[in-house]
Amino acid sequence: MKNIGVLISGGGTNLQALIDAEKSGIIKSGRIVCVCSNSSGAYGLTRAEKAGIPTKVIRKNADCGGDIDEFSEKICEYMKEMNVDIIVLAGFLAIFGGKLLKEYAGKIVNIHPSLIPSFCGEGMYGLKVHEAALDYGVKVTGATAHLVNEVVDGGKILLQKAVEIQDGDTPEILQKRVMEQAEWIILPRAVEMLCSQ
Ligand code: GAR
């Protein structure tokens, strides 16, 4: 049984999908032991508390003086303290490197709301990804669950799922469809894949 640590920044609907997947048995080789957010206002923290999962807030600017290495180190320390084996970036919108990446090489999974290698890389997160897909005029988008390495959105792809774009889509409508039809399905499966290895 692996200990899972989840990093979030916002609403935490992917965290909710993980909590539900653990309850329903889709995730059976791991359990969520903590949730860490880089924003104190993240609703995902409330979701974690409701599920009885310990939480912590670590902010890059307010807690680490804007130092990315210190930020990475503090998160790493918390993950170690909680005996975390596998880290999930579930809508974690901050970039980090350093210690955390080294200590957890091959053990960090991220969910990205497009079919990588389209609409990804630095600065491509959240609604911006869906705006870019609509601006480009692609007819199919989706989500990707992948391992995290030093290249932003560049690690090994674990799972992908395609989602059709429809006439009249706005970034918000598309974001919701991609979450419902792809992210909330493939992220728990990818986490189980990693935990059962
Ligand atoms: C999700 O759509 C996730 O794929 C995206 O942020 C959203 C967070 O929603 N992540 C990225 O764009 C990472 N590059 P949530 O907080 O409700 O899970």
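Just so we're clear, the structure is a prediction, and the values are computed from it rather than from any experiment. (Residues numbered from 1 in each chain as written. Predicted model: local features only at pLDDT ≥ 70, side-chain atom pairs only at ≥ 80, totals over all residues. Heavy atoms only, no water.)

(A) Representation of the pairing of strand β4 (residues 86–89) in the model. Both faces of β4 are covered, namely the face carrying I86 and V88 and the face carrying I87 and L89. The pairing of strand β1 (residues 2–8) with β4 spans 4 bridges and is classified as parallel. Within β4, the position partnered with V6 by the bridge is V88. Regarding topology, helix α5 (residues 98–103) serves as the crossover connection from β4 to the parallel strand β5 (residues 108–112), and that connection is right-handed. (Buried < 20%, exposed > 50% of the residue type's maximum accessible area, 1.4 Å probe, protein only. Helix = DSSP H or I, 4+ residues; strand = E, 2+ residues; numbered from the N terminus. Pairing = 2+ DSSP bridges. Right-handed = clockwise from strand over helix to strand, strands pointing away.)

(B) Structural context of the pairing of β5. Counting buried positions over the 5 residues of β5 gives 5, a clear majority of the element. Covered by surrounding structure in β5 are I108, N110 and H112 together with V109 and I111, the residues of both alternating faces. Inspection of the sheet shows β4 paired to β5 by 3 bridges, in the parallel sense. Bridge pairing in β5 places I87 opposite I108. The sheet contact formed by β5 and strand β6 (residues 140–147) spans 4 bridges and is antiparallel.

(C) Quick look at the site of the ligand. The ligand sits among 15 residues. The nearest are G12, T13, N14, G126 and E183. One of the backbone nitrogen or oxygen atoms of G12 is found 2.7 Å away from an oxygen atom of the ligand. Note that an oxygen atom of the ligand is positioned 2.8 Å from one of the backbone N or O atoms of G126. Where the shell around the ligand is concerned, the elements lending two or more residues are α1 (13–24), β5 and α7 (171–195). Per-class residue counts for the shell around the ligand are 6 nonpolar, 8 polar and 1 charged. (Near = heavy atom within 4 Å. Polar contact = N/O pair within 3.5 Å; in protein donor to acceptor, adjacent residues only side chain to side chain. Nonpolar A, V, L, I, M, F, W, Y, C, P; charged D, E, K, R; others polar.)

(D) Just the nonpolar core, in detail. Counting residues in each nonpolar core, the largest one holds 34 residues, and the members touching the most others are V6, L18, V88, V109 and V191. Every residue in contact with V109, bar those within four places of it in the chain, is listed here: I87, V88, L89, A145, H146, L147, V148, L158, L187, A190, V191 and L194. Grouped together as the second largest cluster of nonpolar side chains are 22 residues, C64, Y78, L100 and L101 included. (Core = buried A, V, L, I, M, F, W, Y, C linked by side-chain atoms within 4.5 Å. Contact = heavy atoms within 4.5 Å.)

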